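Read off the chains here:
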Amino acid sequence: MLSHDRVWAAIDALAERYSLSASGLARRAGLDSTAFNKSKRLSSDGRPRWPSTESLAKIIEATGASLDEFTELVEGRGKPAPGYLPAQGSSVPLLGFAQAGAGGFFDDAGFPAGQGWDLIELPARATETSYALQVQGDSMLPLYRNGDVLIVEPGAATRKGDRVVVKTNAGEVMAKVLDRQTANSIVLVSLNPDHPDRDIPMRDVEWVARIVWASQ
């Protein structure tokens, strides 16, 4: 039976077969790099979103796969192509901290969305939901300098002591250390002693994402 989960699993398997991430497959097919992100597979109210037939046709054409090959993957019968090796690096969307405060670059869950993202190659493989933020200014010294790139993983579990990026409903984007998070507020320790720690009501927080890697 053709199911929502199996179609998306086939897209992931097709990307892996041709040494691509899901976002890399989307770009190769001429689609938005976030088109196949996990956040795009369900609507905000939890209903399944299906990839369009046009998108499927484009990824089949872009990889040189056949319809039968993709059908095998949907049915769970596909095998890795001869000589297949997993990709060692990944491309992720890149945005500056200043731009990140503007509207239109993230969905409600803090995943990349819309246009205007650049791309950056990473030396290590990233997940398809990872993205990069470039530090601008000196507010994060001495830990992060102007121009450093932070790889952020939205949806990753966070705990006390983690370095996180937080965006407020007012459009402020900051990188700090998580001290405490409750249903009512989040307490953040500043990376720069010249900047104050923050205690922000959760009603004022748009999203929180964990920093998983930095280019230092």
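Residues numbered from 1 in each chain as written. Predicted model: local features only at pLDDT ≥ 70, side-chain atom pairs only at ≥ 80, totals over all residues. Heavy atoms only, no water.

Caption draft 1: The overall build of the chain, seen in detail. Along the backbone of the chain there are five helices and nine strands. Taken from the N to the C terminus, the helices and strands of the chain come in the order α-α-α-α-β-α-β-β-β-β-β-β-β-β. Counting over 216 residues, the chain shows a buried share of 44%. Nonlocal contacts in the chain, meaning residues at least 24 apart in sequence, comprise 59% of its contacts between residues at least 6 apart. Only carbon and sulfur atoms are counted for the fraction: they give 50% of the accessible area of the chain, which is about 11,200 Å². (Helix = DSSP H or I, 4+ residues; strand = E, 2+ residues; numbered from the N terminus. Buried < 20%, exposed > 50% of the residue type's maximum accessible area, 1.4 Å probe, protein only. Contact = heavy atoms within 4.5 Å. Areas by Shrake-Rupley, 256 points an atom, 1.4 Å probe, with all protein chains shown as cover.)

Caption draft 2: Expanded view of the pattern of salt bridges. This model, assessed by the stated rule, comprises seven salt bridges. Residue Arg41 is joined to Asp12 by a salt bridge in which the shortest nitrogen-to-oxygen separation is 2.8 Å. Here Asp12 lies in helix α1 (residues 4-17) and Arg41 lies in the loop between α2 (22-28) and α3 (53-63), a separation of 29 residues in the sequence. Judged by relative accessible area, which is 8%, Arg41 ranks as buried. For Asp12, a relative accessible area of 22% puts it in the partly exposed group. (Salt bridge = Lys/Arg side-chain N within 4 Å of Asp/Glu carboxyl O.)

Caption draft 3: The confidence of the model for the chain, seen in detail. Averaged over all residues, the pLDDT of the chain is 82; the fraction at 70 or higher stands at 88%. Across the chain, strand β8 (residues 198-201) holds the top mean pLDDT of 96, while strand β2 (residues 118-122) sits lowest at 75. Counting interchain partners and residues more than four positions distant, the pLDDT-below-50 stretch residues 79-88 has 13 contacts. (pLDDT = per-residue confidence, 0-100.)

Caption draft 4: Molecular detail of the nonpolar core. Core analysis: the biggest nonpolar cluster contains 21 residues, and Phe97 and Val165 have the highest contact counts within it. Looking at this core, the elements with two or more residues in it are α5 (97-100), β3 (131-134), β4 (149-154), β6 (173-181) and β9 (205-214). With four residues, β9 is the single largest residue contributor to this core. Sequence-distant contacts of Val165, defined by excluding residues within four places in its chain, comprise Phe97, Leu133, Val152, Val173, Met174, Ala175, Trp207, Val208, Ala209 and Ile211. If you look at the next biggest cluster of nonpolar residues, it comprises 19 residues, including Ala10, Ala26, Ala29 and Leu31. (Core = buried A, V, L, I, M, F, W, Y, C linked by side-chain atoms within 4.5 Å.)

Caption draft 5: Spatial organisation of the pairing of strand β7 (residues 185-190). For β7, a buried count of five out of six residues is recorded, marking the element as mostly surrounded by other parts of the structure. Bridging between β6 and β7 involves five bridges; their strand directions are antiparallel. Residue pairing for β7: Leu178 is matched across the bridge by Leu188. Between the antiparallel neighbours β6 and β7 lie three residues. (Pairing = 2+ DSSP bridges.)

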